[in-house]
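# Examination of the molecular architecture
For reference, the chains in residue letters:
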Amino acid sequence: MGEINLPKLKTFKILPYLLFVVALVPPLFKNEYLNSVLISIFLWAAIGASFDLTAGFIRVTNFGYAGFFAIGAYTSGLLALYFNISPWIGVFPAVAFAAALGALVGLLTLRLHGIYAAVFSWFLAETIKYILAAASDITRGYQGLMNPPLFPGISRFPYYYFILGILAFEIIILTKIARGKMGFAFRVIGEDETAAKSIGVNVLYYKVSAFTISTAFAGLLGVFYAHYIGVITPDVSSLVITVPALAICYVGGVGSIWGSIPSSFVIITIFEAFREIGAYRFIIYGVLLIVVMIWARTGLVGLIRKAAEKMKVTEKEK
Amino acid sequence: MISPVELLIVSLLRGSLYVLISASLAMLFGIISVASFCHGDFAMLGGYLSYFLLVSLGLNPILALVLTAAVMFLFGCLIEKSLLFPLRKTSGKLWMFYTFVLTLGISQVLENGALAAFGAAFLGIKSLWPGNINLLGTATSLDRFAILGISVGIVVVFWFFLKYTKIGRAIRAVGINEEAASIFGVNVNFIYTLTFGLSALLAGIGGLFYMVLFTTYPLMGVTANLKAWIVVVTAGLGNIKGAIYCSFLLSFAETLAYTFLSAGWQNVISIIIVALILLFKPTGLFGTEVKGIWER
């Protein structure tokens with residue numbers, strides 16, 4: 001399957017400049033609405049990228065992504081409510097909890113075919129949702145759990161730079177992993193598990209590693225989400241989170257890590273443009289998923305690469 | 001306090017709701033390696049369709065059932081031909097991995113399409129055949145027994161179809177070895193379409209029953225799908241016979257949980273069972289007859 005290649009180094013040369021331009025947006029435009037849209041774009045890009053580590057590399061579509069996201073969100077939120085622990089400290093147990101659960105699920109299910117991990121973590125996410133809803137004395141159920149903000153004041157300014165920083169950090173870390181020995185092992189396993197085994201790759205170790213790293217990021221982003229949005233309900237552990245995560249990852253192009261950035265940009269912009277359809281907006285995810293799976297499996301990354309190659313060819317002709 | 005006999009009867013009646021949806025999901029998996037995420041939504045569509053046939057058109061229940069089955073079969077065939085077939089042509093070894101994502105997309109379209117078209121209201125009817133049966137001192141509606149009877153009847157007919165007819169044998173042959181079947185003259189593409197259509201048909205009838213006993217609503221498919229998957233994983237992926245038994249097993253466990261725990265916890269029980277099974281017997285309670293085939 002030659003359809004997925006590592007991003008060329010060239011792509012990354014423009015990244016610092018891009019980051020610089022994006023960082024200038026809030027002071028230049030001073031528009032809170034624009035900031036909030038960009039914050040969602042960065043958040044969902046980060047979610048999509050962490051989803052990609054399992055979907056695009058070890059070929060496990062983590063249908064329970066939302067469960068780990070919710071574990072992060074609720075751990076930090078509940079610690080803040082009951083023990084008055086600042087989210088800046090609460091983030092550590094939250095991420096640790098999400099990662100530990102990820103490792104546990106991985107050890108239990110990744111010995112088997114990838115579908116078991118996908119389905120089992122989906123069951124788990126649904127169960128977490130039911131438990132959060134049933135234990136409403138503690139979690140406040142569907143009334144919603146109020147979380148203290150990360151930064152004082154009502155301005156979205158600090159959140160903007162914070163999530164941008166998280167996104168940059170995550171993309172760098174994940175790309176480092178993807179380019180390294182570990183990423184190579186992930187890819188080989190994703191392409192052909194039996195072949196990977198036969199050349200002496202410790203399949204279970206690498207699969208569990210990929211899964212755990214992905215769920216740790218899910219937990220981290222859950223913490224950000226909880227304290228940025230302010231009120232969370234058990235629905236953070238449902239397909240309401242998993243479907244956009246999956247769609248953004250696949251539309252961006254699986255196995256690319258950075259594909260989630262343009263994809264999140266396009267999808268969130270579409271949603272902002274069609275605000276009125278609100279309730280039915282998931283239909284867009286459905287249509288996009290169908291189109292991407294059947295006609296454009298390399299996603300936006302594939303289209304961008306094709307366009308770049310065409311440009312190169314025309315340059316040579318000149 | 002509920003007596004053991006009552007417990008058995010209640011779970012038997014409940015299980016008949018799950019059996020068609022779960023068995024057809026197992027069939028999709030076992031025969032054509034489709035990990036369907038929109039199976040519950042086919043049940044939802046079946047529920048809506050039969051509601052309109054029964055209420056708006058006022059049709060006789062049997063006629064409504066047959067019409068629902070026919071329309072759902074055609075709908076399933078259409079989805080297979082238009083969406084799954086083009087995917088299959090290009091996906092090779094990753095076919096099952098891709099079907100999961102594609103069917104998730106289909107499910108989002110169906111759910112939100114239903115929400116836009118029919119609204120969020122819960123639609124249901126009082127009964128197909130009014131009347132109660134007095135059983136051990138508790139009145140149970142005639143419908144529940146009729147549904148149990150029809151479900152079991154359909155399962156039996158279906159079993160005979162798979163086991164003894166020429167097409168049924170061809171379907172099983174494709175499930176065991178696609179290439180060999182195609183060498184022996186089985187039209188594999190036709191079998192794929194037929195199997196998908198049949199599974200949509202069964203899910204649609206399951207949805208009709210669900211609508212009669214409870215209600216149908218746009219997100220009904222989410223719950224139906226979750227339960228069907230729990231059954232299929234418990235039974236052993238792709239094991240149709242196991243899925244039939246496990247439907248009743250799940251409903252038994254759920255009835256127990258309903259009786260002894262407060263509502264909302266039966267799902268927790270289900271996942272604990274699944275976790276234990278994955279830990280100790282990953283191939284499922286009944287094993288996977290077709291093990292390895294769906295891993296191609």
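Residues numbered from 1 in each chain as written. Chains lettered and ligands numbered in written order. Predicted model: local features only at pLDDT ≥ 70, side-chain atom pairs only at ≥ 80, totals over all residues.

Looking now at the overall build of chain B. In terms of regular secondary structure, chain B is built from 11 helices and 2 strands. Ordered by position in the sequence, the α and β elements of chain B form the string α-α-α-α-β-β-α-α-α-α-α-α-α. The C-alpha atoms of chain B give a radius of gyration of 19 Å, which matches the 19 Å a tight globule of 296 residues would have. In terms of overall dimensions, chain B has C-alpha extents of about 60 × 50 × 35 Å along its principal axes. Here chain B, with 296 residues, has 49% of them falling under the buried criterion. Residue pairs at least 24 apart in sequence account for 76% of intrachain contacts in chain B once pairs closer than 6 positions are excluded. (Helix = DSSP H or I, 4+ residues; strand = E, 2+ residues; numbered from the N terminus. Rg over C-alpha atoms; globule rule 2.2 N^0.38 Å. Buried ≥ 20, exposed ≤ 12 C-beta atoms within 10 Å, placed from the backbone. Contact = placed C-beta atoms within 7 Å.)

Let us now look at the overall build of chain A. Along its length, chain A carries 15 helices and 2 strands. At 20 Å, chain A has a C-alpha radius of gyration in line with the 20 Å of a compact globule built from 318 residues. Expressed as lengths along the three principal axes of its C-alpha atoms, the size of chain A is roughly 65 × 50 × 35 Å. The buried share of chain A, taken over its 318 residues, is 50%. When contacts within chain A are restricted to residue pairs at least 6 apart in sequence, those whose partners lie at least 24 apart make up 80%.

Okay, the interface of chain A and chain B next. On the chain B side, the residues contacting the 34 residues of chain A number 34 residues. Looking at the side of chain A that touches chain B, the elements that each hand over two or more residues are α5 (87-109), α6 (114-134), α12 (239-252) and α14 (282-295) of chain A. When residues of the side of chain A that touches chain B are assigned to their parent elements, the largest contribution, 14 residues, is made by α6(A). Looking at side-chain class alone, the side of chain A that touches chain B contains 26 nonpolar, 6 polar and 2 charged residues. (Nonpolar A, V, L, I, M, F, W, Y, C, P; charged D, E, K, R; others polar.)

Mapped onto the elements, I150(B) comes out in helix α5 (residues 142-164). Distance in space between the C-alpha atoms of I150(B) and L7(B) is 21 Å, their sequence separation being 143 residues.

A few words now on the packing of α5(A) against α6(A). Residues and elements named next belong to chain A. Where α5 meets α6, the axes come as close as 9 Å, and the angle between the chain directions of the two elements is 135°. If you check the angle between α5 and α6, you find them oblique. Crossing geometry of α5 relative to α6 is assigned as right-handed. From α5, V105, G106 and T109 reach across to α6, where they touch Y116, A117, F120, S121 and L124. (Axes fitted to C-alpha atoms, helices over the stretch in contact; angles between N-to-C directions. Parallel < 35°, antiparallel > 145°, perpendicular 65-115°, else oblique. Left-handed = near helix turned anticlockwise from the far one by under 90°.)

This next bit is on unusual backbone geometry. Of note in the backbone geometry, R59(A) takes a positive phi value of approximately 60° without being a glycine. Residue position: R59(A) is located in the loop between α3 (32-58) and α4 (65-83). Look at S33(B): it is not a glycine, yet its phi comes out positive at around 55°. As for its placement among the helices and strands, S33(B) is situated in the loop between α1 (4-32) and α2 (39-56).

Here we come to α4(A). Counted at 1.5 Å a residue, the expected span for α4(A) with its 19 residues is 27 Å, and the 27 Å between its end C-alpha atoms agrees. The element α4(A) is extensively covered by neighbouring structure, given that 14 of its 19 residues are classed as buried. (Expected span 1.5 Å × (residues − 1).)

Attention now goes to the nonpolar core. Among the nonpolar cores identified, the biggest contains 185 residues, and F42(A), L43(A), F69(A), V119(A), L221(A), L289(A) and V232(B) are the most heavily contacted of them. Aside from chain neighbours lying at most four places away, what touches F69(A) is A218(A), L221(A), G222(A), V236(A) and I241(A). (Core = buried A, V, L, I, M, F, W, Y, C linked by C-beta atoms within 7 Å.)

A pair of packed helices can be characterised by two numbers: the angle between their axes and the separation between those axes. Residue and element names in this part refer to chain B. Contact pair helix α10 (residues 240-260) / helix α11 (residues 266-280): the axes reach a minimum separation of 9 Å and the direction vectors enclose 135°. Judged by the angle between their axes, α10 and α11 are oblique. In this structure, α10 crosses over α11, and the sense of that crossing is right-handed. Between α10 and α11, the contacting residues are L250, A253, E254, A257 and Y258 on the first element and Q266, I269, S270 and I273 on the second.

All names here are of chain B. Note that W129 resides in the loop between α4 (95-118) and β1 (132-135). Under the C-beta neighbour-count criterion, W129 is labelled exposed, with 11 such atoms within 10 Å. The sequence separation of W129 and M72 amounts to 57 residues, and the corresponding C-alpha distance is 23 Å. In this view, W129 contacts P61, L142, D143 and A146; residues no more than four positions away in its chain are not counted.

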